Amino acid sequence: MISILIIEDNNDIRENTSELLELEGYATLTASNGKIGLEKIISNVPDLILCDLRMPEMDGFTVLSHLGHYPHLKRIPFVFFSAKSEKLEIKTGIDAGADGYLVKPFELEDLLTIIEKCINKVKSSSLQ
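Described below are features of the structure shown in this document. As the structure is a prediction and not an experimental result, all values here were calculated from the model. (Residues numbered from 1 in each chain as written. Predicted model: local features only at pLDDT ≥ 70, side-chain atom pairs only at ≥ 80, totals over all residues. Heavy atoms only, no water.)

1. Quick look at the pairing of strand β2 (residues 27–31)
The criterion, for reference: A pair of strands counts as paired when DSSP detects no fewer than two bridges linking them. Helix and strand assignments follow DSSP, with helices taken as H or I runs no shorter than four residues and strands as E runs no shorter than two, numbered in order from the N terminus.
Across five bridges, strand β1 (residues 3–7) lies against β2 in parallel orientation. For I7, the partnering residue across the bridge sits in β2 and is A31.

2. What to know about the pattern of salt bridges
A side chain with one charge can pair with a side chain of the opposite charge if their charged atoms come near. We apply this condition: We define a salt bridge as a contact between a side-chain nitrogen of Lys or Arg and a carboxyl oxygen of Asp or Glu at a distance within 4 Å. Under the scheme applied here, a residue whose accessible area is under 20% of the maximum for its type counts as buried, over 50% as exposed, and between as partly exposed, the area being computed with a 1.4 Å probe on protein chains only.
If you walk through the whole model with that rule in mind, you get five salt bridges. Between R14 and E15 there is a salt bridge, with its nearest N and O atoms 3.6 Å apart. The class of R14 is buried, set by a relative accessible area of 9%. A relative accessible area of 37% means that E15 is categorised as partly exposed. Measuring nitrogen to oxygen at the nearest pair gives 2.6 Å for the salt bridge that ties K91 to D95.

3. As for unusual backbone geometry
For residues other than glycine, phi is negative in most cases, and the peptide bonds are mostly trans. Between K104 and the following residue, P105, the backbone shows a cis peptide bond with an omega angle of -5°. A positive phi angle, near 75°, is found at E57, a position not held by glycine. Tracing the chain through its elements places E57 in the loop between β3 (48–52) and α3 (60–67).

As far as function goes, none of this settles anything; it's purely spatial.
Put into structure tokens, the structure is as follows:
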């Protein structure tokens, strides 16, 4: 079963996203900020990370940056999701190394599409 870590400071968004993904057959872990999320990544490596951009204690950019220090963790697909919808914010997120960027609020179909794209990319790169 594919495991997805959701790092989001808004409890409703975090729990609703987790519930929707579980209904779609994914295993989920959740964290309320980047610091807790990074601890969970290190202790229980997920197959994909969905991470809010702006959070207290540690923002999404910092989480992504920390993953770069660990060769086995920097390969995990990383998707930002944020209310920031300006093209510059999205470009900054992708340029920082994220595999995708979703603007909140997002449709379930869009979330599932980006998850499948990221998982398929990992599968195809491991076959090479």
